[in-house]
Amino acid sequence: MTRKERYEGITGWFQANMPEAKSELDYMNGYELLVAVILSAQCTDKRVNMVTPAFFKRFPDAVSLAGADFDEVLRLISSISFPNNKARHLIGMARMLTERFGGIIPEDVETMQQLPGVGRKTANVVASIIYRKPVIAVDTHVFRVARRIGLSDGKTVEAVEADLTAGFPERLRADAHHWLILHGRYVCTARKPKCDGCGISAYCREHKKAGPADRP
Ligand code: SF4
């Protein structure tokens, strides 16, 4: 099977079976999404969703967060991984957003990365969701799943992102990001992928290579 056929096969399956794929983070607007994505680095969406209601009640917008007291922010996000760094980043992000960008999250992913705590992955996630930019954020799930299926042989996040960007049509890239994340989170898990119940196994390179006893 060619790589093009794999892309077409899994695209067809996900469009039929996961047409409404979206982020599992809870948010009401771009500001809330940006905060939630910053908090979600090396932390589960479930844990972030437990913290953000109280956080957004106290800091409903970038202006209020820009003037926040560090210790108060830290207290509110103390159950999240790396709370010290993230508290510093959140306040810094809100200050830059209000002072330099007039409170508007930049559409351009390169510009968005000037905000503290916003790396390429975070910028791609936010831009693809709130601006429907045709970019694909590669997190640990996307990286693993793309290489297992055979959508990419890239050895770096940048190389996998480039292959996925070339492989999925522009209008489907935002959806493809969610498809691969959710598939990696619930089916093609890191330690024990559920190959026997996997809907895209017919298009998966690893599934074809391995026998039932030694599938990844
Ligand atoms: S067949 Fe197995 S390795 Fe391939 S995508 Fe499905 S769960 Fe992952």
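Just so you know, the residues in each chain are numbered from 1, in the order the chain's sequence is written. It should be noted that, the model being predicted, local features are given only for residues of pLDDT at least 70 and side-chain atom pairs only at 80 or more, the latter also being counted only at that level, while totals for whole chains, interfaces and linings use all residues. Only hydrogens and water are set aside; all other atoms, that is, all heavy atoms of the structure, feed into the side-chain values.

### Comments concerning the overall build of the protein chain
Heads up, the condition is: Helix numbering and strand numbering both begin at the N terminus, where a helix is a DSSP run of H or I of at least 4 residues and a strand a DSSP run of E of at least 2. For a compact globule the rule gives 2.2 Å times the number of residues to the power 0.38, and the radius of gyration it is set against comes from C-alpha atoms. A 1.4 Å probe rolled over the protein chains alone gives each residue an accessible area, and that area as a share of the maximum for its type sets the label: buried under 20%, exposed over 50%, partly exposed in between. The criterion used for residue contact is that any of the two residues' heavy atoms lie within 4.5 Å. All accessibility values rest on the Shrake-Rupley procedure with a 1.4 Å probe; residue burial counts only the protein chains present in the view. Just so you know, the count uses Lys and Arg for positive and Asp and Glu for negative, and it drops His and the chain ends. Just so you know, the charge point we use is NZ for Lys, CZ for Arg, CG for Asp and CD for Glu.
Helix and strand content of the protein chain: 12 helices and 0 strands. Seen in sequence order, the protein chain has helices and strands lined up from the N terminus as α-α-α-α-α-α-α-α-α-α-α-α. Computed over the C-alpha atoms, the radius of gyration of the protein chain is 19 Å, within 12% of the 17 Å expected from 2.2 N^0.38 for a compact globule of 216 residues. For the protein chain, the spread of C-alpha atoms along the principal axes amounts to about 55 × 30 × 30 Å. Counting all 216 residues of the protein chain, 49% fall into the buried class. Residue pairs at least 24 apart in sequence account for 58% of intrachain contacts in the protein chain once pairs closer than 6 positions are excluded. Entry remark: accessible area of the protein chain is about 10,800 Å², with carbon and sulfur atoms responsible for 52%. Both charge centroids of the protein chain, one from 31 positive and one from 25 negative side chains, sit 6 Å from each other.

### A word on the pattern of salt bridges
Our working definition: For this document, the term salt bridge refers to a Lys or Arg side-chain nitrogen within 4 Å of an Asp or Glu carboxyl oxygen.
Summed over the entire model, instances satisfying the criterion amount to 11 salt bridges. Arg-120 is the partner of Glu-110 in a salt bridge, and the nearest nitrogen-oxygen pair spans 3.4 Å. Placement of Glu-110 in helix α7 (residues 109-112) and of Arg-120 in helix α8 (residues 120-130) is noted, with a sequence separation of 10 residues between them. Assessed through its relative accessible area of 32%, Arg-120 is described here as partly exposed. Among the ionic pairs, Arg-120 bridges to Glu-161, the shortest N-O distance being 2.9 Å. One end of the pair, Arg-120, is in helix α8; the other, Glu-161, is in helix α10 (residues 157-167), and 41 residues separate them in sequence. With a relative accessible area of 9%, Glu-161 lands in the buried category.

### Concerning the site of the ligand
Note the threshold: One heavy atom within 4 Å of a molecule or strand is enough for the residue carrying it to be called near that molecule or strand. Only Asp, Glu, Lys and Arg are considered charged, only Ala, Val, Leu, Ile, Met, Phe, Trp, Tyr, Cys and Pro nonpolar, and every remaining residue, Gly among them, polar.
Around the ligand, the structure places 11 residues, and the nearest of them are Cys-188, Cys-195, Cys-198, Cys-204 and His-207. In terms of residue class, the shell around the ligand is built from 7 nonpolar, 3 polar and 1 charged.

### Side note on the domain arrangement of the protein chain
The test is simple: Throughout, the edges of the domains are those of an automatic or database domain assignment. Once two parts are joined, some of their accessible surface, as seen by a 1.4 Å probe, is lost; buried area is that loss totalled over both. Two N or O atoms form a polar contact when they lie within 3.5 Å of each other; inside protein one atom must be a possible hydrogen donor and the other a possible acceptor, and for residues adjacent in sequence the pair counts only when both atoms belong to side chains.
For the protein chain, the assigned domains read domain 1 (3-21 + 136-209) and domain 2 (30-130). With 9 residues of domain 1 at the interface, the matching set in domain 2 holds 7 residues. Summing the contributions of domain 1 and of domain 2, the shared interface buries around 600 Å²; its carbon and sulfur component is 54%. Remark: the boundary between domain 1 and domain 2 carries 2 salt bridges. Asp-45 is the salt-bridge partner of Arg-185, the closest N and O atoms lying 3.1 Å from each other. Here domain 1 and domain 2 share 4 residue pairs in polar contact (both at pLDDT 80 or more) between them.

### Describing helix α9 (residues 140-149)
With 7 of 10 residues buried, α9 is to be regarded as a mostly interior element. Measuring from the side-chain oxygen of the N-cap residue of α9 to the backbone nitrogen of His-141 gives 3.0 Å; that N-cap residue is Asp-139. Positive backbone phi, at 105 degrees, marks Gly-150, one or two positions downstream of α9.

### Things to note about the nonpolar core
We count it as follows: The set of buried Ala, Val, Leu, Ile, Met, Phe, Trp, Tyr and Cys residues whose side-chain atoms join them within 4.5 Å is what this entry labels a nonpolar core.
Counting 42 residues, the largest nonpolar core has Val-35, Phe-55, Leu-65, Val-73, Leu-90, Met-93 and Leu-115 as the members making the most contacts within it. Those elements that place two or more of their residues in this core are α2 (30-39), α3 (45-58), α4 (62-66), α6 (83-101), α7 and α8.

### Here's the deal with the side chain of Ser-23
Looking at the secondary structure, you find Ser-23 in the loop between α1 (3-17) and α2. Within the structure, the side chain of Ser-23 is placed 3.0 Å from the backbone nitrogen of Leu-25, a separation counted as a polar contact. Setting aside residues no more than four positions away along its own chain, Ser-23 makes contact with Ile-129 and His-178.

### Details of the environment of Thr-98
Position of Thr-98 relative to the elements: it lies in helix α6. For the pair Thr-98 and Lys-22, spaced 76 residues apart in sequence, the C-alpha to C-alpha distance is 28 Å. In this structure the side chain of Thr-98 is engaged in a polar contact, spanning 3.0 Å, whose partner is the backbone oxygen of Arg-95.

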